[in-house]
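# A structural walkthrough
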Amino acid sequence: MLDTNVVLDWLIFRDARVQKLVSAIEAGAIALLTRADCRDELLRVLDYPQVQRHPQARAQALDIYDRCFEIVDLPARPAILPRCRDADDQKFLELARDAQAHWLITKDRALLELAWRMQQACAVEVLDPAQASARLGPLYNAPVLAPGSPHA
């Protein structure tokens, strides 16, 4: 699972720190799940001024998101979750628990602070992109393309 900030790093800002994750997603090694309210949050964030500075990426972002993420509506599982101090982020904890996700990948400090408690509550690891990339090992290292190459 990816929270909205990591999705933005991937789809809008093209942040190199998430490239290994993107390579794993493209290879089908990471399955992405979302809920309607998580997708709605992305829609709201796509209207933020800092995102509107990237019109080409912004125009494609929702299409890519819809192709890569499966929207699920899962019944709540019995594990009692820790409360996130940012109520808007609680939905990511719930989705991770209900989908029995292995990882919730986030840069959000409020979610990262709950890593140990989420591991104890429902065996979900809350990781930042660097930690998740390290777990993937060398298999998904993206090739470095020379400037001007046909794929750059």
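Worth saying up front: this structure is predicted, and the values here are computed from it rather than measured. (Residues numbered from 1 in each chain as written. Predicted model: local features only at pLDDT ≥ 70, side-chain atom pairs only at ≥ 80, totals over all residues. Heavy atoms only, no water.)

### Observations concerning the overall build of the protein
From N to C terminus, the protein includes nine helices and four strands. Walking the protein from its N terminus toward its C terminus, one meets helices and strands in the order α-α-β-α-α-α-β-α-β-α-α-β-α. Over its C-alpha trace the protein gives a radius of gyration of 16 Å, about what one expects of a compact globule, namely 15 Å for 152 residues. Structurally, the protein occupies a C-alpha span of about 50 × 35 × 25 Å along its principal axes. Within the protein, buried positions represent 45% of all 152 residues. Once local pairs closer than 6 in sequence are excluded, the contacts in the protein between residues at least 24 apart make up 63%. Just so you have it, the protein exposes about 8,700 Å², and 51% of that area is on carbon and sulfur atoms. When the 18 basic and 21 acidic side-chain charges of the protein are each reduced to a single mean position, those positions are 3 Å apart. (Helix = DSSP H or I, 4+ residues; strand = E, 2+ residues; numbered from the N terminus. Rg over C-alpha atoms; globule rule 2.2 N^0.38 Å. Buried < 20%, exposed > 50% of the residue type's maximum accessible area, 1.4 Å probe, protein only. Contact = heavy atoms within 4.5 Å. Areas by Shrake-Rupley, 256 points an atom, 1.4 Å probe, with all protein chains shown as cover. Lys, Arg positive; Asp, Glu negative; His and termini not counted. Charge placed at Lys NZ, Arg CZ, Asp CG, Glu CD.)

### Digging into the packing of aromatic side chains
By the definition in use, this model includes two aromatic pairs. Between Trp10 and Phe69, the aromatic rings sit 6.4 Å apart at their centres with planes inclined by 35°, giving tilted as the arrangement. Of this pair, Trp10 sits in helix H1 (residues 4-11) while Phe69 sits in strand E2 (residues 69-71); the two residues are 59 residues apart in sequence, bridging distant segments of the chain. Like Phe69, Trp10 is buried. Centroid distance Tyr65 to Phe69: 4.1 Å. Interplanar angle 20°. Geometry classified as stacked. Assessed through its relative accessible area of 4%, Tyr65 is described here as buried. The class for Phe69 is buried, based on a relative accessible area of 5%. (Phe/Tyr/Trp six-rings, centres within 6.5 Å; stacked < 30°, edge-to-face > 60°.)

### Here we look at the confidence of the model for the protein
As a note on interpretation, predicted positions should not be read in detail where pLDDT is low. For the protein, mean pLDDT is 90; residues scoring 70 or higher make up 93% of the total. Across residues 143-152, confidence stays below pLDDT 50; counting only partners more than four residues off in sequence or on other chains, it has three contacts. (pLDDT = per-residue confidence, 0-100.)

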